Amino acid sequence: MSELKLISVTKRFNQVVAVNKLNLEVQKGECFSFLGPSGCGKTTTLRMIAGFEDLDEGELLVDGEVYSSSYKKYYLPPEKRDFGMVFQAFAVWPHLTVWDNVAFPLQIRRIPKLEMEKRVKEALQSTGLSAIKDLYPSKLSGGEQQRIALARAVAINPKVMLLDEPLSNLDPKLREEMRFEIKDLQRRFGFTILYVTHDQAEAMALSDRMLVMNLGVVQQVGKPLEIYNEPANKFVFSFIGLSNFLKVRVREGKAYPLGQEHGPPISTEAPSKYGESCYAAFRPGEVDLISGSSESGVPAIVTRSTFLGDLVDYRISIGSQEIRVQKPKKNGLLRNGEACRVRINRIHWFPLD
Amino acid sequence: MVDIYTKPKISAAQIVLVFSILVLVVVVGIPVILIFLTAFFEDGKLNIPGFVQILKDPDTYQALWNSLVIAFGTTLVSTTVGVFFAWLVARTDLPFKKTMKALFLVPFMLPSFIGALAWKVLLSPRAGYINKFLMALLGLERAPIDIMSMGGIIVIESMYLFPFVFLQVESALERMDPTLEESARISGAGLLTITRKITLPLVLPSILSGALLVALYSLAHFGVPAILGTEKGIYNIPTKIYERIYSSGGSFRAIRVGTILSTILVISAALILKAQDLLLKKGKYQIIAGKSMRPMLLKLRALRTPLLIVSIIYIGITVILPTVTIFLVGGLKTYGLSFELKNLTWANYLEIFRWKMTKDAIWNSVYLSLGAALVTMLAGTMISYVIVKSRPRGKFILELLGVLPFSLPGTVIALGVILTWSGRFGINIYNTPWIIFVAYIARYMAFSLKSNSAALQQVSDSLEEASRACGATHFQTLKNIVLPLIRPGMISAFFLIFLPALRELTTSVLLYGPTTRTIGVAIYALNEDGETVRAAALASVALIIILVGETSIRNFLARLQKQE
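If you're wondering where the values come from, they're calculated on a predicted model, not measured in any experiment.

Novice: Before we move on, could you go through the overall build of chain B and cite the residues and values that matter?
Specialist: The secondary structure content of chain B amounts to 22 helices and two strands. Here the C-alpha atoms of chain B give a radius of gyration of 26 Å, agreeing with the 24 Å that 2.2 N^0.38 yields for 564 residues. Viewed in the frame of its principal axes, chain B has a C-alpha envelope of about 95 × 70 × 50 Å. Classification of the 564 residues of chain B by burial places 44% in the buried group.

Novice: Tell me about the overall build of chain A, residues and numbers included.
Specialist: Within chain A, the secondary structure is distributed over eight helices and 20 strands. A total of 353 residues make up chain A; the buried ones form 41% of that total. A fraction of 66% describes how many contacts in chain A between residues 6 or more apart in sequence connect residues 24 or more apart.

Novice: Talk me through the domain arrangement of chain A; I want residue IDs and the actual numbers.
Specialist: Residues and elements named next belong to chain A. Looking at chain A, the domain boundaries give domain 1 (2-238) and domain 2 (242-350). Here the C-alpha centroids of domain 1 and domain 2 sit 40 Å apart. Taken together, the contact between domain 1 and domain 2 spans five residues of the former and five residues of the latter. Its residues assigned to classes, the side of domain 1 that touches domain 2 shows two nonpolar, two polar and one charged.

Novice: How would you explain the interface of chain A and chain B if you had to name every residue and give the values?
Specialist: Facing 18 residues of chain A, the contacting portion of chain B comprises 19 residues. Secondary-structure elements contributing two or more residues to the side of chain A that touches chain B are β7 (83-86) and α2 (98-108) of chain A. When residues in the side of chain A that touches chain B are grouped by element, the largest group, three residues, is from α2(A). Each residue belonging to the side of chain A that touches chain B can be placed in one class, and the counts come to 13 nonpolar, two polar and three charged.

Novice: Explain the packing of helix α4 (residues 142-154) of chain A against helix α5 (residues 172-189) of chain A residue by residue, including any values.
Specialist: How two helices pack is summed up by the angle between their axes together with the distance between the axes. Residue and element names in this part refer to chain A. Interaxial distance between α4 and α5 falls to 12 Å at its minimum, and their mutual angle equals 15°. One way to sum up the angle between α4 and α5 is to call them roughly parallel. Seen along the crossing, α4 lies across α5 with a hand that is right-handed. Every residue of α5 that contacts α4 at G143, Q146, L150 and V154 is listed here: L174, M178, L185 and F189. Each residue belonging to the contact of α4 with α5 can be placed in one class, and the counts come to six nonpolar, two polar and no charged.

Novice: I'd love a proper account of the sheet that holds strand β11 (residues 217-222) of chain A, names of residues and values included.
Specialist: Residue and element names in this part refer to chain A. Pairing within the open sheet is mixed, and its six strands lie in the order β7-β8-β9-β3-β10-β11. The sheet is open, and its two borders are formed by β7 and β11, each paired with just one other strand. Each strand axis lies, on average, 15° off the axis of its neighbour in the sheet, ignoring direction. By the bridge criterion, five bridges tie strand β3 (residues 31-35) to strand β9 (residues 192-197) in an arrangement that is parallel. Along β9, the bridge assignment pairs S33 with Y195.

Novice: If you had to explain helix α1 (residues 42-50) of chain A to someone new, which residues and values would you point to?
Specialist: Residues and elements named next belong to chain A. With respect to burial, α1 is a largely interior element, nine of its nine residues being buried. Turning to α1, its buried residues are K42, T43, T44, T45, L46, R47, M48, I49 and A50. Once α1 finishes, G51 follows within two positions and takes phi at roughly 100°, a positive value.

Novice: Describe the pairing of strand β5 (residues 65-69) of chain A, naming the residues involved and giving the relevant values.
Specialist: Residues and elements named next belong to chain A. Of the strand pairs in this sheet, strand β4 (residues 57-62) and β5 are connected by four bridges, and their pairing is antiparallel. Across the sheet, the residue bridging to L61 is V66, located in β5. Between β4 and β5, which pair antiparallel and follow one another directly, the connecting turn spans two residues, one of which, D63, has a positive phi of 55°. Examined bridge by bridge, β5 and strand β6 (residues 74-75) share two bridges and lie antiparallel to one another. What sits directly across from S68, in β6, is Y75. Two successive antiparallel strands, β5 and β6, enclose a turn made up of four residues, where K73 displays a positive phi of approximately 50°.

Novice: So what about the sheet that holds strand β19 (residues 339-344) of chain A? Which residues, and what values?
Specialist: Picture the strands of a sheet paired through backbone hydrogen bonds; they go either parallel or antiparallel. Residue and element names in this part refer to chain A. With respect to topology, five strands assemble into an open sheet ordered β15-β19-β16-β17-β18, the strand pairing being antiparallel. The sheet is open, and its two edges are formed by β15 (287-291) and β18 (321-328), each paired on a single side. Looking at each pair of strands side by side, their axes are set apart by 45° on average, direction ignored. Bridging between strand β16 (residues 298-307) and β19 involves four bridges; their strand directions are antiparallel.

Novice: Describe the domain arrangement of chain B, naming the residues involved and giving the relevant values.
Specialist: All names here are of chain B. In terms of domain boundaries, chain B breaks down into domain 1 (9-37 + 357-564) and domain 2 (57-308). Contact residues are listed per partner, giving 29 residues for domain 1 and 25 residues for domain 2. Contributing elements (two or more residues each) for the side of domain 1 that touches domain 2: α1 (12-40), α17 (410-421), α21 (519-528) and α22 (532-563). Here the side of domain 1 that touches domain 2 is built from residues that sort into 20 nonpolar, seven polar and two charged.

Novice: Which residues make up the confidence of the model for chain B, and what are the values?
Specialist: Per-residue confidence for chain B averages 85 on the pLDDT scale, and 94% of its residues sit at or above 70. For this predicted complex, the interface confidence comes out at an ipTM of 0.81, alongside a pTM of 0.80.

Novice: Pulling in residues and values, what's your account of the environment of A:M204?
Specialist: Mapping A:M204 onto the fold places it in helix α6 (residues 200-206). Expressed as a C-alpha distance, the spacing of A:M204 and A:I240, which sit 36 residues apart in the sequence, is 9.0 Å.

Novice: Outline unusual backbone geometry, listing residues and values.
Specialist: Within the chain, A:D63 stands out as a residue other than glycine whose phi angle is a positive 55°. Within the element layout of this structure, A:D63 appears in the loop between β4 and β5.

Novice: Would you mind going over the packing of helix α3 (residues 58-91) of chain B against helix α9 (residues 191-219) of chain B in detail, with residue names and values included?
Specialist: Residue and element names in this part refer to chain B. Two elements in contact, α3 and α9, have axes whose closest approach is 8 Å; the angle formed by their N-to-C orientations is 145°. Both α3 and α9 take part in a crossing whose hand is right-handed. For the pair formed by α3 and α9, the contact residues are S67, I70, A71, T74, T75, S78, T79, G82 and V83 on the first element and I207, G210, A211, V214, A215, S218 and L219 on the second. When the residues that make up the contact of α3 with α9 are grouped by side-chain class, the tally is eight nonpolar, eight polar and no charged.

Novice: Outline the environment of B:S209, listing residues and values.
Specialist: Residues and elements named next belong to chain B. Within the secondary structure, S209 is located in helix α9. On the neighbour-count criterion, S209 (19 C-beta atoms within 10 Å) is partly exposed. Distance from S209 to V165, taken between C-alpha atoms, is 7.8 Å for residues 44 residues apart in sequence.

Rules used throughout
- In every chain, residue numbers begin from 1 and rise along the written sequence.
- Going through the entries in the order they are written, you letter the chains from A and number the ligands from 1.
- Thresholds applied to this predicted model are a pLDDT of at least 70 for local features of residues and 80 or more for the giving and counting of side-chain atom pairs; totals over whole chains, interfaces and linings are not thresholded and use all residues.
- Numbered from the N terminus, helices here are DSSP runs of H or I no shorter than four residues, and strands are runs of E no shorter than two.
- Radius of gyration means the value over C-alpha atoms here, while the globule rule gives 2.2 Å times the residue count to the 0.38 power.
- Any residue surrounded by 20 or more other C-beta atoms within 10 Å of its C-beta is treated as buried, while 12 or fewer makes it exposed and the intermediate range makes it partly exposed; C-beta atoms here are placed from the backbone.
- A residue pair is marked as a contact if its C-beta atoms, positioned from the backbone, fall within 7 Å.
- In this entry, domain limits derive from an automatic or database-based domain assignment.
- Here the nonpolar group is Ala, Val, Leu, Ile, Met, Phe, Trp, Tyr, Cys and Pro; Asp, Glu, Lys and Arg are the charged ones; every other residue, Gly included, is treated as polar.
- Where helices are involved, their axes are fitted lines through C-alpha atoms of the stretch in contact, as for all axes, and angles between N-to-C directions lie from 0 to 180°.
- Put simply, angles under 35 degrees are roughly parallel, angles over 145 are roughly antiparallel, angles from 65 to 115 are roughly perpendicular, and the rest are oblique.
- Handedness of a helix crossing follows the sense of rotation of the near helix relative to the far helix, less than a right angle counterclockwise being left-handed and clockwise being right-handed.
- In this scheme, strands are said to pair when DSSP sees at least two bridges between them.
- Predictor confidence is given residue by residue as pLDDT, running from a minimum of 0 to a maximum of 100.

Listed below in structure tokens is the structure:
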């Protein structure tokens, strides 16, 4: 049975629809991410699940039990939901020590002292905080503060863990480290994770399944690889990685860059369903650059090349359009203004806006 | 080392530094030193037994005790009331919140001695209107409420001082990161537990700093105890000092007693400030979120309307009732008549502008507060600049002298100014407006320094360096970069001085001469002479001046802010 079920959930702030008819099922033990740009409604969704926001329409079921329902006007208060939650701004209590922060939810539940000490110890140990348990949070680094928040959330052994951009206040290196720690904690405590983020790499690395959202509307739900390989629309494609959109004219299954209809096609497998013109979308790494004298590929000119270390980043103009290409350094370096030919290996097709 | 630049022997910066130190020494340093010297030395010899003897004197000892009791009681009541209303406005779904918030700050505008005057009219045991009404209604022999008591003084002071706490706590509650409470909620805590274990401890530093401000203020407050206490023989330190000096016609012995009591006041104030410093340092943590979200509000449900009514009644009793009383009494043909139309007249009000004593008082207050505000603002800007921006040797003297005014009660400043400016150094300005002017500068220097240095700290050094790098001289940089940037701080310093100086009583009551009464002194003197109606009429005029001043300034500042 699914652990968490959202049925046609809608939330409005004044006239703005923040979340529009969201349907979703999350399985027990799953790590599920909400991905989208800021203001897309992902945090609002999480806050509705936590119980901080009422629903304008729809229902939320946990383990088959109604937690929120706009129809019954019933809302289980957040403090009764037994969820764990971690916020972006850490939200550790500055007037309590690390130990007291973590013990707080257990004290509220009147857990017997011995049991409580055991659980606090375990939570501190699994987050690597045992050595600093008597310090106050203001003396600690951002990473340590976020670990306190994590320890506090796992201490009650929650069935569901809500994480609201928990890593975006940390520096990039620490962020990667903490991803693994969160996965480790999940393995040890066995909770379901609902994870909100705007960082697609984070979502891919962590999630079993994820949901891409924009302007309150679900764009696609699926496994990270599915979403990467089969993006449902132009928005999803552009949001989960570097992307190029080349306008093409389609004639008899062949796609020509706009304005270059008399040269060689960029693909011979273009779909006809979008009519005469559409977008050919591809990642900067899926492009081969062949030297200008070659016969195959579309002629192009390097307008800018930037050396990034392992990679070389090119801006390449095809007629009046510009695309971005990234190739390993070992493939050699093309110079600015050099003519070349372009071959694209993997293309997604999207209709014009 | 060879210096390739030829430096002038004395740089402009040094002149400014020396001048700044000089201003603070003359205005603040010397008066304070003279108070201590007079308190501890007699005829050039250290006189500790004399000091102790005066403290042991039951009369002065009682005043000291009363001051402490009043300060403690007022702090307790103000803090309770202030925290409760702050919580109500910031954390519940009380209706008309914005209006209510503005209304809770109105008691700030009402000078507390005018409030006390109104309450004396209403609740004095002999002739208070409400007491008379209750006695008639309930058939009582004696007045049910005696406002002219220690309890009365505490309640009335609290009415007008609680905004200190309200303001601090309300803004802390409003700016606090809501996820701090939300994470407690998701941890399983209900709203009452969160308020007790998370919210209140987190705003405790704000509560304490508001409470200590109230303590500092009420410890050395003259107006309310003078109006409600002296008639009944209840004195605190400031009223005792006043009584001694005036009953002895300004004898040196009385002044000496005054300096000893002042020393106690200064020490208590310094202790309070030190305590505040320690507490704030300990509770120094960031509770303010980067992104602002709506904090969760307690649904009052059935209590919503009753609590709104309680708030409105509170404001009605503390603000509207005394104001209306003052205006009505000011219009009475004779004091003691009932408030019927046939007993009321405009003549009293017109007389205020015709009668020399009241006319002088209004004029004195207006020009003294305008002048003091202007001078203190400019001097404060200069001194703050030296303290914040240039870091010369000897800066610590400036810093020390700069904080000193914070711990000096108005009575102490008045005494120090008397000791300094009545001929000891060849200048005698006693009985002239200048002595009040000098005292105002000393009294309000702290406000100016605070406001100006806050503004200057916002101006990063690199802005000045960028200007110098563009080829501007130091002076051009000051004129074109620094001054425009700190202008809001300077303007707010001006009004922070002008408005309280306009209604000042504590300091000027010890310094006034026959023609140099201020509005505060005039109201107080009229009340002392039993001229309650005239006192009330003048108080009404003062209230109108203050109200017009406050509103036009608030509009002006709002417009200024919009421009920036």
